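Single-letter residue listing:
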Amino acid sequence: MGLLDAILGRSKPVRPDLDQLFAVPSAALTLQAATGFTPTGRGSVCFAGVEGGGFARLQEDVRELLDADTERGGIPVEFSRDAYGYTWLLATHPADDTAGLVNDLHAVNTMLQDGGFGPHLLCSLIGFRAAEGADGRSLALVYLYKRGTFYPFAPLPGDAEKRDNQLELQVRGALGDDLRVEKDLSRWFPVWGAPGL
């Protein structure tokens, strides 16, 4: 960054650090101890779809890589498109295999990035559920690809699109030493209806 950039308040964008995803399994233990939320074994990657054969082939490569264990009982990945036109890839593992889930999400992000589609990556999320009898409360740790940071997203149970801000702030406090948490709360975007949540 040059002197002119510093004077004008410009900064270089944060480079994605996909290895931050590998901190999630230990953060999941901290989260469970602090809040009682446990991993669901479901996670997803969101990206803006691109037309063209190169992107379609890359999507098939991702599917082949992650579905390689379906013959041994693995659950196939699912692709879906949301109301805003974004594509979601949903990966599912046993609830106690957070490390395997994170490996899959990291592989998807890496393949898209290395294939030249990094600018189209938006976020990845890992789903959590409250303990039994807690009204089906869910929580996601969302990784912002372009910021290299995480934030918690906690929708309130029911159909209304409302968030449990108190829980989100509690999770931020609990995971501050485990994950690089996004400091700018205006970037804690809601991901209503995201696969894996």
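These numbers were taken from a predicted model, which means no experiment stands behind them. (Residues numbered from 1 in each chain as written. Predicted model: local features only at pLDDT ≥ 70, side-chain atom pairs only at ≥ 80, totals over all residues. Heavy atoms only, no water.)

### Digging into the overall build of the chain
From N to C terminus, the chain includes 5 helices and 6 strands. Listing every helix and strand of the chain by position from the N terminus yields α-α-β-α-β-β-α-β-β-β-α. Per-residue burial over the chain gives 41% buried out of 197 residues. About 10,400 Å² of surface is accessible on the chain, with carbon and sulfur atoms providing 52% of the total. (Helix = DSSP H or I, 4+ residues; strand = E, 2+ residues; numbered from the N terminus. Buried < 20%, exposed > 50% of the residue type's maximum accessible area, 1.4 Å probe, protein only. Areas by Shrake-Rupley, 256 points an atom, 1.4 Å probe, with all protein chains shown as cover.)

### A closer look at the nonpolar core
Side chains that are nonpolar tend, in soluble globular proteins, to be buried together. One finds Leu89, Leu112, Phe128, Val142, Leu179 and Val191 to be the most contacted residues of the largest nonpolar core, which totals 50 residues. Residues in contact with Leu112, not counting those within four places in the same chain, are Phe47, Phe55, Leu58, Phe117, Gly118 and Leu121. (Core = buried A, V, L, I, M, F, W, Y, C linked by side-chain atoms within 4.5 Å. Contact = heavy atoms within 4.5 Å.)

### Details of the sheet that holds strand β5 (residues 138-144)
The strand order across the open sheet formed by 6 strands is β2-β3-β1-β4-β5-β6, and the pairing between neighbours is antiparallel. The strands lining the two open edges of the sheet, one partner per strand, are β2 (78-81) and β6 (149-153). Mean inter-strand twist for the sheet, computed between neighbouring axes without regard to direction, equals 25°. The sheet contact formed by strand β1 (residues 38-48) and strand β4 (residues 121-129) spans 7 bridges and is antiparallel. In the sheet register, Val45 faces β4, and the bridge partner there is Ser124. (Pairing = 2+ DSSP bridges. Axes fitted to C-alpha atoms, helices over the stretch in contact; angles between N-to-C directions.)

### Thoughts on the layout of surface pockets
To locate leftover empty space, one rolls a probe as large as a water molecule over the atoms. Of the volumes computed, that of the largest pocket is approximately 510 Å³. Considering the residues around the largest pocket, the lining is formed by 22 residues, among which Leu122, Cys123, Phe189, Pro190 and Val191 are closest to the centre. Residue assignment for the lining of the largest pocket shows that the elements contributing at least two residues are β3 (86-92) and β4. (1 Å grid on protein atoms, 1.4 Å probe; cavity = no way out; pocket = protein on both sides within 12 Å on 5 of 7 lines; lining within 4 Å. Points joined across faces, edges and corners; volume = space filled by probe spheres on them.)

### Some thoughts on the side chain of Ser138
Within the fold, Ser138 resides in strand β5. Beyond its immediate stretch of four places on either side in the chain, Ser138 contacts Phe37, Phe128, Arg129, Phe153, Ala154, Pro155 and Leu197.

### Things to note about the packing of aromatic side chains
Note on aromatic pairs: each is described by the distance of the centres and the angle between the planes. By the definition in use, this model includes 3 aromatic pairs. Plain terms: the ring middles of Tyr143 and Phe150 are 5.1 Å apart, the flat faces sit at 55° to each other, and that makes the pair tilted. Taking 6.1 Å as the distance between ring centres and 15° as the angle between the ring planes, the aromatic pair formed by Tyr151 and Trp188 counts as stacked. Residue Tyr151 is located in strand β6, and its partner Trp188 is located in the segment after α5 (165-175); the two are separated by 37 residues in the primary sequence. (Phe/Tyr/Trp six-rings, centres within 6.5 Å; stacked < 30°, edge-to-face > 60°.)

### Quick look at empty space enclosed by the protein
The final tally for this structure, using the stated rule, is 1 cavity of 30 Å³ or more. In this structure, the largest cavity occupies an estimated 30 Å³ of space. Breaking the lining of the largest cavity down by element, the ones donating at least two residues are β6 and α5. Within the lining of the largest cavity, the residues separate by chemical class into 8 nonpolar, no polar and 1 charged. (Nonpolar A, V, L, I, M, F, W, Y, C, P; charged D, E, K, R; others polar.)

### Re the environment of Gly118
Here Gly118 shows up in the loop between α4 (98-117) and β4. Separated by 28 residues in the primary sequence, Gly118 and Lys146 place their C-alpha atoms 8.8 Å from one another.

### Quick word on the pattern of salt bridges
This structure, assessed with the given rule, holds 8 salt bridges. Its salt-bridge partner being Arg180, residue Asp17 comes within 3.8 Å of it at the nearest N-O pair. Within this pair, whereas Asp17 is found in the loop between α1 (3-8) and α2 (24-35), its partner Arg180 is found in the segment after α5, the two being separated by 163 residues in sequence. For Arg57, the salt bridge is made with Glu64, and the minimal N-O distance between the two is 3.7 Å. By relative accessible area, Arg57 is classed as partly exposed at 44%. (Salt bridge = Lys/Arg side-chain N within 4 Å of Asp/Glu carboxyl O.)

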